[in-house]
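# Observations on chain architecture
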Amino acid sequence: MTFPINNLQSLKSLSSMALLSKYYLDTEDKRSFCVAFSGGKDSTAVLYLVMHMLLELKEKKQPLHKKVYIINSNTLAELPPVLEHLHNTLRKIEDYAIKHNLPIIVEEVTPEIKHTLNVQLLGVGMPPPSSSLRWCTDKLKVMPIDARLKEIFTDGAFISVIGTRSDESSSRAERMDRSSVQGTDLKLNNRYDNASNLMPIEDWTTKDVWEYLFKQSNELVDVDFLWKLYSDASSKDASECTFVGAGGKNIEEGKLGCGTSRFGCWQCYMVRDKDKSLDGLLKSGYDNMESYKEYRDWFWHKSQEGWENTRDVYAHNHQNRAYYNKGGDENPKFGMTMPKGLRLSLRKEAFEKMLILQNTLQEELITKDEIILIQQRWVYEGDFELKAFRLARKYGVELKYVDLPTGLKKELRDAKRIYRDKLMIKELKSVYAIATLKRLAIQYVAKPKKYNSKFFPSKKEEDFIRKEWSNGFKKNTEYGGLKSEYLVQYFQGVI
């Protein structure tokens, strides 16, 4: 039988395979294995270890009585070379499992359309993810995986085999230690009571991972390409990185970053100001990286131009107002309106730039279904002109009014009528923005019992709030002009 792994194994890899075998052969624990495969170096090492373990058990005539699920989460926002690498790898795994009659099932999951990066950033108006609001991981990866796991394991009972390592950070090592199940090699799974985590490379270093991978063939995973991808994304010379990985200076010394670079979502904003991975791939000559980088950098900097320029004064999901309410008088922002999602004008500008990028590259970066959801969100903020659809058609994406959900089309017709008959008067338009008046009309149609609790500020009221944001503190003077309540009261009198 052909092994995709070199038979010369290190003590650590032998120990890791023994650990996997122990729980795979445990007849009292009948739970299947679920391998979280991201396509990165750590999950690739785990994949090879699991595959080698199954092949050795088969050679020894041991029964392969447990299924092994290989699950990959495609965020739909991966860098092109990464996505190609992932799809090629998943096909190779399936082919290899069939060829050698291994109990492996490959699964690829994707986020719901409403949770994609495009819909969240451009439609919902979510600010770019940050360390304090890392919403992307849950929506793009965790939730899709959870949904599929609940379908596969209805009782929530499985062993999750993951490539988490303690040397990645001291805080992670502490969490791993706290989650250990006494008397076993398993860890608690904080999402499923009947599941456990198994970490076969827990005590491996980054150097261990690469040394192990370099000994493997490319039959399952193109390890050579993976290494080049990491080294390119690190902005390091691949030959220099190979020397380090093969046994030169320790990568952990911090002199080289080849083993620790990030690659994945091309719009990743967790890396904040500059994305070194995109920069590295650009220098390595990958097609179109400059165009991806240009959009990513533009959006990041545009979204950081101060709350007063980038954020809305109302929450996009429920259209209400929120206040800073912690810290009392010691907090200079106490009582100040909190900034919410990205302004619609910014999202419209970014949406058009995305369409231009898609048109230029001739690669699908945003789907029709995403555009429909984006347009739906915009309508509820007063976009009666269907700007998303108009821009889409301008750049070659055929979408028409009939493509809107039936219910939304009726709401839009009713809202237009109310705006025209009740709100399109000179006195109101001089005090309130047109978009605010349209937003009131559509919110009344969509939520007739709740519209009167939503926030529809006058031009001057909104300007007052934005000046507070610019100053960074709550003003002592109270704004004395017409407020949101006036518009609601007026509307209640004429509707």
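Residues numbered from 1 in each chain as written. Predicted model: local features only at pLDDT ≥ 70, side-chain atom pairs only at ≥ 80, totals over all residues. Heavy atoms only, no water.

### Some details on the overall build of the chain
- Helix and strand content of the chain: 20 helices and six strands.
- Within the chain, the proportion of its 495 residues that are buried is 49%.
- Within the chain, residue pairs in contact and separated by at least 24 positions form 75% of the contacts whose partners lie at least 6 positions apart.
- Approximately 23500 Å² of the chain is accessible, and the part contributed by carbon and sulfur atoms is 49%. (Helix = DSSP H or I, 4+ residues; strand = E, 2+ residues; numbered from the N terminus. Buried < 20%, exposed > 50% of the residue type's maximum accessible area, 1.4 Å probe, protein only. Contact = heavy atoms within 4.5 Å. Areas by Shrake-Rupley, 256 points an atom, 1.4 Å probe, with all protein chains shown as cover.)

### Describing a positive patch on the surface
- A cluster of basic residues, Lys387, Arg390, Arg393, Lys400 and Lys416, forms a positive patch on the protein surface.
- Structurally, Lys416 is set in helix 16 (residues 406–423).
- A residue is classified by how much of its surface remains accessible, and Lys416, at 36% relative accessible area, is partly exposed. (Patch = residues over 30% accessible without salt bridge, like charges linked within 9 Å, V, L, I, M, F, W, Y side chains within 5 Å. Salt bridge = Lys/Arg side-chain N within 4 Å of Asp/Glu carboxyl O. Lys, Arg positive; Asp, Glu negative; His and termini not counted. Charge placed at Lys NZ, Arg CZ, Asp CG, Glu CD.)

### Remarks on the sheet that holds strand 6 (residues 196–198)
- With mixed pairing, six strands are arranged side by side in an open sheet as 3-2-1-4-6-5. Two strands bound the open sheet, and with one partner strand each, they are strand 3 (104–109) and strand 5 (187–188).
- Pairing between strand 4 (residues 159–161) and strand 6: three bridges, direction parallel. Looking at strand 6, one finds that Ser160 is bridged to Asn197.
- Taken strand by strand, helix 3 (residues 80–99) contacts strand 2 (68–73) and strand 3, and its axis lies near 160° from that of strand 3.
- Lying over the sheet, helix 5 (residues 135–152) contacts strand 1 (33–36), strand 2 and strand 3, oriented at roughly 150° with respect to strand 2. (Pairing = 2+ DSSP bridges. Axes fitted to C-alpha atoms, helices over the stretch in contact; angles between N-to-C directions.)

### Some points on the pairing of strand 1
- With four bridges joining them, strand 1 and strand 2 adopt parallel strand pairing. Bridging across to strand 2, Phe33 finds its partner in Val68.
- You can see the chain leave strand 1, run along helix 2 (residues 41–59) and come back into strand 2, and the turn it takes is right-handed.
- Note that strand 1 and strand 4 share three bridges and pair parallel. Paired with Val35 across the bridge in strand 4 is Val161. (Right-handed = clockwise from strand over helix to strand, strands pointing away.)

### As for the nonpolar core
- Counting 111 residues, the largest nonpolar core has Phe33, Ile104, Phe351 and Ile371 as its most contacted members.
- Broken down by element, the residue count for this core peaks at eleven residues, all from helix 2.
- Leave out the neighbours within four places in its chain, and Phe351 touches Leu122, Ile366, Ile371, Ile374, Trp378, Ala388, Leu391 and Ala392.
- Grouped together as the second largest cluster of nonpolar side chains are nine residues, Leu149, Ile152, Phe158 and Ala195 included. (Core = buried A, V, L, I, M, F, W, Y, C linked by side-chain atoms within 4.5 Å.)

### Some words on the environment of Ala350
- Structurally, Ala350 can be placed in helix 13 (residues 344–361).
- Judged by its relative accessible area of 0%, Ala350 is buried.
- Considered as a pair, Ala350 and Leu121 are 229 residues apart in the sequence and their alpha carbons are 9.2 Å apart.
- With residues up to four places along the chain from it excluded, the contact list for Ala350 reads Leu122, Tyr295, Trp298 and Phe299.

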